[in-house]
Amino acid sequence: FPVDRIRNFCIIAHIDHGKSTLADRLLEMTGAIAKTEKNKQVLDKLQVERERGITVKAQTASLFYNHEGQQYLLNLIDTPGHVDFSYEVSRSISACQGVLLIVDANQGIQAQTVANFYLAFEAQLTIIPVINKIDLKNADPERVESQIEKVFDIPREECIRISAKLGTNVDKVLQAVVNRIPPPQASTEDPFKALVFDSNFDHYRGVVANIAVFGGRVKKGDKIVSAHLGKAYEVNELGLLRPDEHPTQKLFAGQVGYIIAGMKDVKEAQIGDTLYLQEQPVEALPGFKPAKAMVFAGMYPMDQSEYTGLRSAIERLTLNDSSVTVQRDSSLALGAGWRLGFLGLLHMEVFNQRLEQEYNASVIVTAPTVPYKAVLSSAKLIKEHGSGEITIVNPAQFPDRSVVSEYLEPMVLGTILTPDVYTGKIMTLCLNRRAVQKNMVYIDDQRVMMKYLFPLNEIVVDFYDLLKSLSSGYASFDYENAGYQAADLIKMDILLNGRPVEELTTVVHRERAYSTGKAMCERLKDSIPRQMFEIAIQAAIGSKVISKYTTDYGGDITRKMKLLKKQAEGKKKMRRIGNVEVPKDAFISVLKRK
Ligand code: GDP
Ligand code: MG
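Quick caveat, the model's predicted, so the values are computed rather than measured.

Within the protein chain one finds 15 helices and 33 strands. The proportion of buried residues among the 594 residues of the protein chain is 57%. Sequence separation of at least 24 residues holds for 70% of the intrachain contacts in the protein chain that already meet a minimum separation of 6. A total of about 26000 Å² of accessible surface is found on the protein chain, and carbon and sulfur atoms cover 49% of it.

Have a look at this one:
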């Protein structure tokens, strides 16, 4: 296929602005899929994606499109919209020359629109602004065009107004892809060189790597090498994704497709890796920054007898999601388990949901925490760790002040877009989260864009939910990492009947310790069901108790019987800590502020 008739592009947008719907229309109009109701959101393959209506994994589809008597090959890469998955967005972008930037005609520019725009802009891709949902009664494309001019400095004439749902003007989008996006700079004469931009593990065939061919050609039987590990493989199968796999004889420069070459582990086909022919070594492509886990939580089986089952479920799921980090961990109350690192809280929830749905596993997830750092002052400890600075992903292992000269916490730069009537409330919320305002501008006569520097810890659990509820759903939020800052942190324990519950230990800022401790005790009191005896719930810093509550007990005998029955039913969802039954979701709910 001639390279000058290839276009590689992806669709980026804020969540729900219509990426997947537009992708479906493009697939239909180019004949890749049949036009039926059943084919809604074809690229959203995972059950969790269909249920939550979000895209988690980027998917790829090659489309054939006839334009002015010529056939074009359009490679479309669908991307997730949520912050936690922006890693997926950047890898999609690196295989493309252009993007369709979708903006909802009613909602206008939102936080992820801004974040995604900058990813594409920094990669110097052609950006085609597409205003979607013009069929909506409240659609205001004029206003959205003004926002696009103001925020992105793109002339309004470049915007295409469409309805992905009805198919209106979708043909104009295809024309713009052909006319505005340049073909990939690649020559079939060069030695074979391909970028691995995604990889999946298939139980029967091993690793299926999605590749963008930057030069040359590759065919079945070729011996290829992965630059990262230097290991050689024989190509068993390759082809195009339409969006299902269509095996072909060869893949050429400029094409995007899949390759299977006997790799047993996704770590052998690392995202960002370069593949080349064994007899024609080339210099590796720049690759990606590896995704950094920013939220850590313990995961334990409901019952230790389920340990092996859960281990293999976690192994299999991480085979398909190399951004999750896994370490073995154990706790007195919950037994043997793991400490997993995720890109964000939604990422963690989605992982958990997939464990339960796809592997039928029942898991206890402990309170999420961020990676703190401590600068050690004790020579003995420095020697022990081989470094003066350690990263702490488990609050139970937070080192004592006496051996530390400074604690550091991870910071993020957050972007909030909101109708201006909510700015007061949002500013108060941000202040309560120790955030510092960096910037505030109007993007039109009623909407404001604000930038804040936040401690990650303050937004990880419930910030987004609160922001949504105090703005009646209108404010949007996105963030990027912004390094580490010194902070006055302390470890706080929660005690049940005098016994510290390691799984509920948290790290808090000193000035927030009292209020956080009080709130955690209150919520724990509410989430522990009545038991046969009184339970004392305490928050403590070192040996100093800062908050204390007592639950009532069951009372008279008939009530006790009822209680016992109810608890037997709920047993499956409970976990015994000492002599107290704790619901498995209590670990996370105690951290959520109302
Ligand atoms: P994504 O999160 O960006 O992939 O968004 P989806 O494609 O899943 O769309 C989100 C919601 O918007 C779905 O309920 C779609 O049916 C709806 N939607 C998408 N495009 C249009 C459109 O052009 N008009 C209207 N009225 N609704 C649309
Ligand atoms: Mg989607």
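Read on for the rest.
For strand E25 (residues 447-455), the tally of buried residues reaches 9 of 9 residues, placing the bulk of the element in the interior. The alternating pattern of E25 places Arg447, Met449, Lys451, Leu453 and Pro455 and Val448, Met450, Tyr452 and Phe454 on opposite faces, both of which are buried. In this structure, strand E23 (residues 404-419) lies alongside E25, joined through 9 bridges in antiparallel fashion. By the bridge assignment, Thr418 is partnered in E25 with Val448. Here strand E24 (residues 436-442) runs beside E25; their pairing, made up of 6 bridges, is antiparallel.

Relative to the helices and strands, Val256 is located in strand E15 (residues 256-260). For Val256, a relative accessible area of 1% translates into the label buried. When the C-alpha atoms of Val256 and Leu125 are compared, they prove to be 17 Å apart, with 131 residues separating the residues in sequence. Not counting chain neighbours up to four residues away, the residues in contact with Val256 comprise Asn8, Thr60, Ser62, Asn75, Phe197, Ile211, Ala212 and Leu240.

Tallied over the entire structure, the rule returns 3 cavities of 30 Å³ or more. Empty space within the largest cavity amounts to approximately 110 Å³. What lines the largest cavity is a set of 13 residues, among which Arg339, Thr366, Asn394, Glu502 and Glu503 lie closest to the centre. A breakdown of the residues in the lining of the largest cavity according to their chemical character gives 4 nonpolar, 5 polar and 4 charged.

Pairing is antiparallel in the open sheet, where 4 strands are placed in the order E18-E19-E17-E20. Whereas interior strands pair on both sides, the edge strands pair on one side only; in this sheet they are strand E18 (325-331) and strand E20 (363-365). Strand-to-strand twist of the sheet, defined as the mean angle between neighbouring strand axes without regard to direction, takes the value 30 degrees. Judged from the 7 bridges that link them, E18 and strand E19 (residues 335-342) form a sheet pairing that is antiparallel. Across the sheet, Ser331 pairs through a bridge with Gly335, a residue of E19.

Here helix H5 (residues 141-152) is 12 residues long and its end C-alpha atoms lie 16 Å apart, about the 16 Å a rise of 1.5 Å per residue gives. Here the buried face of H5 lies against strand E4 (98-104), helix H4 (111-122), strand E5 (126-132), strand E6 (160-161) and E25. Taken from the residues just after H5, Asp153 is the one with a positive phi, measuring 60 degrees.

A word on the packing of aromatic side chains. If you walk through the whole model with that rule in mind, you get 14 aromatic pairs. Both rings, one in Phe117 and one in Tyr118, keep their centres 5.1 Å apart while their planes meet at 80 degrees; by these two values the pair is edge-to-face. An aromatic cluster of three or more residues is present, and its members are Tyr452, Phe454, Phe463, Phe477 and Tyr479. It is Lys373 that lies over the ring of Tyr484; its NZ or CZ is 4.2 Å from the centre.

Reading the values: the criteria
Residues numbered from 1 in each chain as written. Chains lettered and ligands numbered in written order. Predicted model: local features only at pLDDT ≥ 70, side-chain atom pairs only at ≥ 80, totals over all residues. Heavy atoms only, no water. Helix = DSSP H or I, 4+ residues; strand = E, 2+ residues; numbered from the N terminus. Buried < 20%, exposed > 50% of the residue type's maximum accessible area, 1.4 Å probe, protein only. Contact = heavy atoms within 4.5 Å. Areas by Shrake-Rupley, 256 points an atom, 1.4 Å probe, with all protein chains shown as cover. Pairing = 2+ DSSP bridges. 1 Å grid on protein atoms, 1.4 Å probe; cavity = no way out; pocket = protein on both sides within 12 Å on 5 of 7 lines; lining within 4 Å. Points joined across faces, edges and corners; volume = space filled by probe spheres on them. Nonpolar A, V, L, I, M, F, W, Y, C, P; charged D, E, K, R; others polar. Axes fitted to C-alpha atoms, helices over the stretch in contact; angles between N-to-C directions. Expected span 1.5 Å × (residues − 1). Phe/Tyr/Trp six-rings, centres within 6.5 Å; stacked < 30°, edge-to-face > 60°. Lys NZ or Arg CZ within 6 Å of the ring centre and 35° of its normal.

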